[in-house]
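Below are the chains, spelled out letter by letter.
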Amino acid sequence: MKIGIVCYPTYGGSGVLATELGKGLANNGHQVHFITYRQPARLTTFHENIFYHEVSGSDYPLFEYPPYDTALASKLVDVVLYENLDLLHVHYAIPHATVAYLAKKILLTKGKYIPVITTLHGTDITLVGRNVSFTPVVEFSINKSDGVTAVSHSLKQQTLESFDIKTDIEVIHNFIDFDRFRKTNKDHFKKLIAPDGERILVHVSNFRKVKRVEDVVKMFEKVYRKIPSKLLLIGDGPERETTERLCREIGLCHEIRFLGKQDAVEELLAIGDLFIMPSASESFGLAALEAMACEVPVISTNVGGLPEVNIHGQTGYTSNVGDVDDMAKNAIDLLQNEDKLAVFRKNALAQAQQFDLQQILPKYEAYYKHIVERTVHRAEVT
Ligand code: GMT
């Protein structure tokens, strides 16, 4: 199949998932065309079946806000026609589902029907999509997609509760590539970070408010007072400055390292004892799954799709949002009990295996086939 993938090219979960999906599809012989404004962060090596089409904006002085949607729609029309694509798969509803609908309508005037699948990832529904100024457009665009997938049962449920949805939503969970994410021996590196055998806690995110990075630091302080430990904060974003200030206030800067955006996250996860995800909202928690694949148990909140990934009392623990006392208590309990930690590590890996790329990829392929077959004779004009 010839598949166009539209996504955000940044380090965010939806862009990561879309890029990894594209790579998996390309390995299975599909031709994949990424269409976005920058080379996706995880698209780093050449593949004969992968193509990248950059959407360039316009800096004409009249445009205070360069019209990205128009530029993307035009690029989609061009790529779909020129490359004769079979399907467009857009990740994150805003604005991609809407722009894909516009491109679809334009393509119809040129005699081409392009089926569009929208994957809902999280804040496109739970935060941004619920903003009343976006609601009519998001709802319309989801309903006009030929196929809709959500990355967890929880996100599907939230979508149905927040919008008047007429289309079926297929749940296809996030996945993990075990060729990349697995526990490897990085003892030399561990010695550098924790020279006296301290425990290592890890957090990875894009430091947006929804990630509650300050809670990571607050719970770490409680853990640190009981157990010699270090905290690795990976990623960057709007809340970094506030978080750094908090570290200074509590006087733990020497135990907390801000590593910024990192490409080889798996090497850092390999030395972790616990992964911390105190998010206020999380449709799935791809970063937690990556940690679990590297045999790192997870201390997380119990919101959204997190309980579908992190099984309370088996692969880690889940707590209410903001309950840093409970998170710290659970972390201390695990870190003080070597045998229990070893069992949780094994459980985390076994649970991550349920989301192996090799199991999830065929679900996407089957869904593509289903949507393309269902729409093959369609030539709607409205
Ligand atoms: O940052 C992004 O690119 C999207 C982001 C979001 O906020 O929607 O991530 C979401 O998509 C990931 C991949 O499907 C999920 O694993 C994350 O849980 C989800 N993030 C949230 O729901 C906050």
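Calculation criteria
- Residues numbered from 1 in each chain as written.
- Predicted model: local features only at pLDDT ≥ 70, side-chain atom pairs only at ≥ 80, totals over all residues.
- Heavy atoms only, no water.
- Helix = DSSP H or I, 4+ residues; strand = E, 2+ residues; numbered from the N terminus.
- Rg over C-alpha atoms; globule rule 2.2 N^0.38 Å.
- Buried < 20%, exposed > 50% of the residue type's maximum accessible area, 1.4 Å probe, protein only.
- Contact = heavy atoms within 4.5 Å.
- Lys, Arg positive; Asp, Glu negative; His and termini not counted.
- Charge placed at Lys NZ, Arg CZ, Asp CG, Glu CD.
- Pairing = 2+ DSSP bridges.
- Axes fitted to C-alpha atoms, helices over the stretch in contact; angles between N-to-C directions.
- Parallel < 35°, antiparallel > 145°, perpendicular 65-115°, else oblique.
- Left-handed = near helix turned anticlockwise from the far one by under 90°.
- Salt bridge = Lys/Arg side-chain N within 4 Å of Asp/Glu carboxyl O.
- Domains from an automatic or database assignment.
- Buried area = accessible area lost by both parts, 1.4 Å probe.
- Near = heavy atom within 4 Å.
- Polar contact = N/O pair within 3.5 Å; in protein donor to acceptor, adjacent residues only side chain to side chain.
- Areas by Shrake-Rupley, 256 points an atom, 1.4 Å probe, with all protein chains shown as cover.
- Nonpolar A, V, L, I, M, F, W, Y, C, P; charged D, E, K, R; others polar.
- Phe/Tyr/Trp six-rings, centres within 6.5 Å; stacked < 30°, edge-to-face > 60°.

Visitor: I'm lost on the overall build of the protein in this one. Help?
Guide: When helices and strands are counted, the protein shows 15 helices and 13 strands. Against the 2.2 N^0.38 benchmark of 21 Å for 382 residues, the protein shows a C-alpha radius of gyration of 22 Å, consistent with a compact globule. In terms of overall dimensions, the protein has C-alpha extents of about 70 × 45 × 40 Å along its principal axes. Classification of the 382 residues of the protein by burial places 55% in the buried group. In the protein, 71% of the contacts between residues at least 6 apart in sequence involve partners at least 24 apart. For the protein, the centre of its 42 positive side-chain charges and the centre of its 48 negative side-chain charges are spaced 1 Å apart.

Visitor: Could you clarify how one ought to interpret the environment of His377 in this entry?
Guide: By the element assignment, His377 lies in the segment after helix 15 (357-375). For His377 and Asn28, which are 349 residues apart along the polypeptide, the C-alpha to C-alpha distance reads 26 Å.

Visitor: Explanation requested: the sheet that holds strand 12 (residues 298-301) in the structure shown.
Guide: Spatially, the six strands line up as an open sheet ordered 10-9-8-11-12-13, and their pairing is parallel. The two strands at the open ends of the sheet, each matched to only one other strand, are strand 10 (256-260) and strand 13 (316-319). Within the sheet, the average angular offset between the axes of one strand and its neighbour, ignoring direction, is 20°. Across four bridges, strand 12 lies against strand 13 in parallel orientation. Bridge assignment links Val298 to a residue of strand 13, and that residue is Gly316.

Visitor: Please explain the packing of helix 8 (residues 213-226) against helix 13 (residues 324-335) as it appears in this structure.
Guide: A pair of packed helices is characterised by two quantities: the angle between their axes and the separation of those axes. Where helix 8 contacts helix 13, the two axes come as close as 9 Å, and the packing angle between them is 45°. Judged by the angle between their axes, helix 8 and helix 13 are oblique. As for the relative orientation of helix 8 and helix 13, their crossing is right-handed in sense. Where helix 8 approaches helix 13, its residues Asp215, Lys218, Met219, Lys222, Val223 and Lys226 are matched on the opposing element by Val324, Asp325, Met327, Ala328, Ala331, Ile332 and Leu335.

Visitor: What am I meant to see in the sheet that holds strand 1 (residues 2-6) here?
Guide: As a general point, the strands of a sheet are linked pairwise by backbone hydrogen bonds and lie either parallel or antiparallel. A sheet is described by the order of its strands in space; here seven strands give the open sequence 3-2-1-4-5-6-7, paired in parallel fashion. Both edges of this open sheet fall to strand 3 (50-54) and strand 7 (169-171), since each of them pairs with a single strand only. Each adjacent strand pair in this sheet contributes to an overall mean axis angle of 25°, direction not counted. Examined bridge by bridge, strand 2 (residues 31-36) and strand 3 share five bridges and lie parallel to one another. Across the sheet, residue Phe34 finds its bridge partner in strand 3, namely Tyr52. Packing against the sheet, helix 1 (residues 13-27) makes contact with strand 1, strand 2, strand 3 and strand 4 (87-91), and its axis sits at approximately 155° to strand 2. Relative to strand 5 (residues 116-120), helix 3 (residues 93-108) is tilted by about 175°, and along the sheet it contacts strand 1, strand 4 and strand 5.

Visitor: Help me understand the pattern of salt bridges in this model?
Guide: Where charged atoms from two side chains of opposite charge come close, those side chains can pair. Counted according to the given criterion, the structure contains 23 salt bridges. Residue Asp164 is joined to Lys166 by a salt bridge in which the shortest nitrogen-to-oxygen separation is 3.0 Å. For Asp164, a relative accessible area of 42% translates into the label partly exposed. Put simply, Lys230 and Glu255 hold a salt bridge, and the shortest N to O gap is 2.8 Å. Remark: Glu255 occurs in the loop between helix 9 (240-249) and strand 10 and Lys230 occurs in strand 9 (residues 229-234); sequence separation between them is 25 residues.

Visitor: Looking at this model, I keep getting lost on the domain arrangement of the protein. Mind explaining?
Guide: Interfaces are often described in size by the accessible area the parts lose on coming together. Domains assigned within the protein are domain 1 (2-175 + 357-381) and domain 2 (187-353). Counting from both sides, the interface comprises 21 residues of domain 1 and, opposite them, 16 residues of domain 2. Buried surface at the junction of domain 1 and domain 2, summed over both partners, amounts to about 1300 Å²; 54% is from carbon and sulfur atoms. Applying the counting rule to domain 1 against domain 2 returns one salt bridge.

Visitor: It is not clear to me how the site of the ligand should be interpreted in this structure. Could you clarify?
Guide: Taken together, 19 residues sit near the ligand, with Ser14, His121, Thr123, Asn174 and Glu282 positioned nearest. The contact in question runs from an oxygen atom of the ligand to an N or O atom on the side chain of His121, over 2.6 Å. Relative to its unbound accessible surface of 490 Å², the ligand loses 96% to contact with the protein. Among the elements that make up the shell around the ligand, the one with the highest residue count is helix 1 (three residues). Across the shell around the ligand, the residue classes break down as four nonpolar, twelve polar and three charged. When residues of the shell around the ligand are sorted by domain, at least three fall in each of domain 1 (2-175 + 357-381) and domain 2 (187-353).

Visitor: Sorry, what's going on with unusual backbone geometry here?
Guide: A negative phi holds for most residues other than glycine; trans holds for most peptide bonds. Here the amide bond leading from Ile94 into Pro95 is cis, since omega sits at -10°, within 30 degrees of zero. With respect to the helices, strands and loops of the structure, Pro95 is situated in helix 3. Despite not being glycine, Phe207 has its phi angle at roughly 50°, a positive value. Along the polypeptide, Phe207 turns up in the loop between strand 8 (199-204) and helix 8.

Visitor: I keep staring at the packing of aromatic side chains and nothing clicks. Help me out?
Guide: Each aromatic ring pair is summarised here by two numbers: the centre-to-centre distance and the angle between the ring planes. Summed over all chains, the structure comprises seven aromatic pairs. Judged by centre distance (5.5 Å) and plane angle (80°), the ring pair of Tyr8 and Tyr92 falls under edge-to-face. Placement of Tyr8 in the loop between strand 1 and helix 1 and of Tyr92 in the loop between strand 4 and helix 3 is noted, with a sequence separation of 84 residues between them. Relative to Tyr68, the ring of Tyr37 lies with its centre 5.6 Å away and its plane at 85°, an arrangement referred to as edge-to-face. Note that Tyr37 is positioned in the loop between strand 2 and strand 3 and Tyr68 in helix 2 (residues 68-83), a separation of 31 residues in sequence. For Tyr37, a relative accessible area of 29% gives the class partly exposed.

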